[in-house]
Amino acid sequence: MTDLSLDPNRDLPALAMRLGLDFVDLDTVMIDPELFTHLPVEAASRLRVMPIRFDGHALQVAVSNPLDLEAEKRLVRAAKVPVRLVVSSAKQIGDALRRAESSGQMLDSVRSDFAPQIVREDRAGHEQVIDLDTIQDQSGVVLLTNSILIAGLQKQVSDIHIEVFADRVDVKYRIDGVLYPATESLDVKHHAELVSRIKVMAELDIAEKRKPQDGRFRLRIEGRDVDFRVSVLPTQFGEDVVIRVLDKSAVARFGSSLRLEDLGLNGADVNWLRRAVREPHGLVLITGPTGSGKTTTLYAALSEMAEGSEKIITIEDPVEYELDRIVQIAVNEKKGLNFAAGLRSILRHDPDRIMIGEIRDLETAEIAVQASLTGHLVLASVHANNTIEVISRFTHWGIDLHDFVTSLNAVLAQRLLRRNCSECSKPVVLSDDTLRASGLDPQAERDTVWKVGQGCGHCRDTGYAGRTAVIESLTLTPDVAERMIRRAPMGELAAAAEQAGMIRLRKQALDLARQGVTSLAEVDRVIFAE
């Protein structure tokens, strides 16, 4: 009987031999871009595999763990031809994928696989779908723009940055909250054409180069719509562009129903949040900076409630993900539909539960409070640093504090921390100066085993793979409510909340770092001080 007890990460050549598979040194293999016509580039990147040869009948694909039968099944389903496995290291597979990306091979494949169309509305509000192939002249800047956008989708980026300097143009992707180079720096001579192309897609004024501009466009790719929000900002060397990517179908990666357990929260936080959003009426507020996962958490809560027996309506700017059995409304300022106006209309539509994408002003806050006092459960996001500052924000707007406190069920603040890569994280010794700079006592931490990812093919040399959420939850006890109504100082209110069981964000994040889930540097990056 074949002995399969070897560690696939350390004994790959021996394991391959025992399984009757070839072991391949990918550093010596030239990858033909035509191979990606047999295995879609998105699948190769997601499964961390590399097609290396096609003999006319079967596609040779390099994998790093030939014992993972589930991954093999997903690979067979994704490939368009029969598959024959060979073995290579995770690092070499990651390196090969990056070489293909940087050389443009994967981008060419992405273009042919996705065939994007731009979707616009005419003056009558009717949808117009335009195939980009019919309006492009195959010029370099058109191909470059499409490649940047589609490759960003493939990598599941949240933002695309195009930064111009005196001698170059840098294109960067924001992945898991951090910017990474998308490709090598571009010649600055391409900058004006690249920005003009994006402006045309977003229907902005290409002649205006001295004032900031904001716009948006939508691409239809393989039957799904993806929204892009464009911000153009004049700088010393030209216009800087940031494109926010809003893939409405991204939630589908969790399956047919997004649940709170899918967010990486611990069991106690899941149970607390589930109880808060199951109340028949009241106001639940979630806060955090841009990109902290507020909207996804709200969607997970709504998705669990969407059983068909209640009317659930959301108003958002824009609708980020599409959810089944939920009525979703997009804010349209140009047509007079803002959050306040939309919320008034929603209240006339017999809702049971309402989600507000963001409370930005007193008018929306007052309507939300009144809705929660009249028998509706209202979930909303607010921009603030922590749960206590949410209270300060409503006080600053001039909201009636008695009504606000009466309506309030719970407040939570959320952050996302990158997880140490499970393949390459190792214990490290942190200096006393590093610990002190993070506000820690070196003596108290002398037995702590800190971990840091070293970088490998699995994590694209970042040291991190995936993210986990931490939440700071504030429950309205009588003592906390009384202090809120009499406008107690924030320090006093925070102390009362902690006495009632609230655990601050940084404390939770430090506990995760001590457990090796994330690094101390990541904690400092996301939540440096309370």
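All chains use their own residue numbering, which begins from 1 and follows the written sequence. Only residues with pLDDT of at least 70 are given local features in this predicted model, and only at 80 or more are side-chain atom pairs given and counted; all residues enter the totals for whole chains, interfaces and linings. Note that the side-chain values use all heavy atoms of the structure and ignore hydrogens as well as water.

- Going by an unreviewed UniProt entry, the protein carries the name Type IV pilus assembly protein PilB and comes from Yoonia sediminilitoris.
- UniProt positions are given in the numbering used here, feature names are shortened, and annotations may be inferred rather than shown by experiment. Under the UniProt heading Sequence similarities (unreviewed entry), the entry covering the protein gives this text: "Belongs to the GSP E family."

**Looking at the UniProt feature "domain: Bacterial type II secretion system protein E" (unreviewed entry) in the protein**
Moving on, step 1. UniProt marks residues 347-361 with the feature "domain: Bacterial type II secretion system protein E" (unreviewed entry), using the numbering shown here.
Moving on, step 2. Across residues 347-361, the secondary structure splits into 7% helix and 27% strand, with the terminal C-alpha atoms separated by 18 Å. Helix numbering and strand numbering both begin at the N terminus, where a helix is a DSSP run of H or I of at least 4 residues and a strand a DSSP run of E of at least 2.

**Structural notes on unusual backbone geometry**
Moving on, step 1. With a phi close to 55°, Glu203 is a non-glycine residue in the positive phi region.
Moving on, step 2. Here Glu203 is to be found in the loop between α8 (191-201) and β9 (213-221).
Moving on, step 3. Residue classification places Glu203 among the exposed residues on the basis of a relative accessible area of 58%.
Moving on, step 4. In this structure, Arg325 takes a positive phi of about 65° despite not being glycine.
Moving on, step 5. Here Arg325 lies in the loop between β13 (312-316) and β14 (327-330). The classification of residues rests on relative accessible area computed with a 1.4 Å probe and restricted to protein chains. Under 20% of the type maximum is buried, over 50% is exposed, and intermediate values are partly exposed.

**Digging into empty space enclosed by the protein**
Moving on, step 1. In the cavity and pocket records, a cavity denotes points on a 1 Å grid over the protein atoms alone where a 1.4 Å probe fits but cannot get out, a pocket denotes an open set with protein on both sides within 12 Å along at least 5 of 7 lines, and lining residues are residues with an atom within 4 Å of a point. Grid points are joined across faces, edges and corners, and a volume is the space filled by probe spheres set on the points. A complete count under the given rule lists 2 cavities of 30 Å³ or more for this structure.
Moving on, step 2. If you add up the space inside the largest cavity, you get close to 40 Å³.
Moving on, step 3. Around the largest cavity sit Leu273, Val277, Val284, Ile286, Thr297, Leu298, Ala301, Leu379 and Leu412, which together line it.
Moving on, step 4. Counting only elements with at least two residues in the lining of the largest cavity, the list comes to α9 (267-277), β12 (282-287) and α10 (294-305).
Moving on, step 5. With 3 residues, the single largest contributor to the lining of the largest cavity is α10.
Moving on, step 6. Computed from the structure, the second largest cavity encloses a volume of approximately 30 Å³.
Moving on, step 7. Taken together, Thr145, Ile148, Leu149, Ile160, Ile162, Leu194, Ile198 and Ile243 make up the full set of residues lining the second largest cavity.

**Some points on the nonpolar core**
Moving on, step 1. Buried residues of nine kinds, namely Ala, Val, Leu, Ile, Met, Phe, Trp, Tyr and Cys, make up a nonpolar core once their side-chain atoms join them within 4.5 Å. If you look at the biggest cluster of nonpolar residues, it comprises 42 residues, and the most contacted ones within it are Leu285, Ile356, Ile359, Phe394, Phe404, Leu408 and Met484.
Moving on, step 2. Residues within four places of Ile359 in sequence aside, it is in contact with Leu285, Thr364, Ala365, Ala368, Ala380, Ser381, Val382, Phe394 and Trp397. For this analysis, residues touch if any pair of their heavy atoms sits within 4.5 Å.

**Notes on α8**
Moving on, step 1. Where α8 is concerned, the buried positions are His191, Leu194, Val195, Arg197, Ile198, Lys199 and Met201.
Moving on, step 2. Where α8 terminates, the next one or two residues include Glu203, which has phi positive at roughly 55°.

**Observations concerning the pattern of salt bridges**
Moving on, step 1. A carboxyl oxygen of Asp or Glu within 4 Å of a side-chain nitrogen of Lys or Arg is what we treat as a salt bridge. Under the counting rule described, the total for this entry stands at 32 salt bridges.
Moving on, step 2. Among the ionic pairs, Arg360 bridges to Glu358, the shortest N-O distance being 3.3 Å.
Moving on, step 3. Classification of Glu358 by relative accessible area gives buried; the value is 19%.
Moving on, step 4. The partner of Glu522 in a salt bridge is Arg525, and the shortest N-O contact between them spans 2.9 Å. Linking Glu522 with Arg525, this pair stays in helix α19 (residues 520-526), spanning 3 residues, or about one helical turn.
Moving on, step 5. Exposure remark for Glu522: the relative accessible area of 1% places this residue in the buried category.
Moving on, step 6. Linked by salt bridges that have partners in common, Asp479, Glu482, Arg483, Arg486 and Glu492 make up one network.

**Examining the packing of aromatic side chains**
Moving on, step 1. Two rings belonging to Phe, Tyr or Trp (six-membered ring only in the last case) form a pair when the distance between their centres is within 6.5 Å. Interplanar angles under 30 degrees mark stacking, angles over 60 mark edge-to-face geometry, and anything in between is tilted. Within the structure shown, the criterion is met by 3 aromatic pairs.
Moving on, step 2. For the pair Phe394 and Trp397, a centre-to-centre distance of 5.2 Å together with 70° between the ring planes defines the contact as edge-to-face. Of this pair, Phe394 and Trp397 both sit in helix α13 (residues 387-397), separated by 3 residues, roughly a single helical turn. Of the two residues, Phe394 and Trp397, both sit in the buried class.

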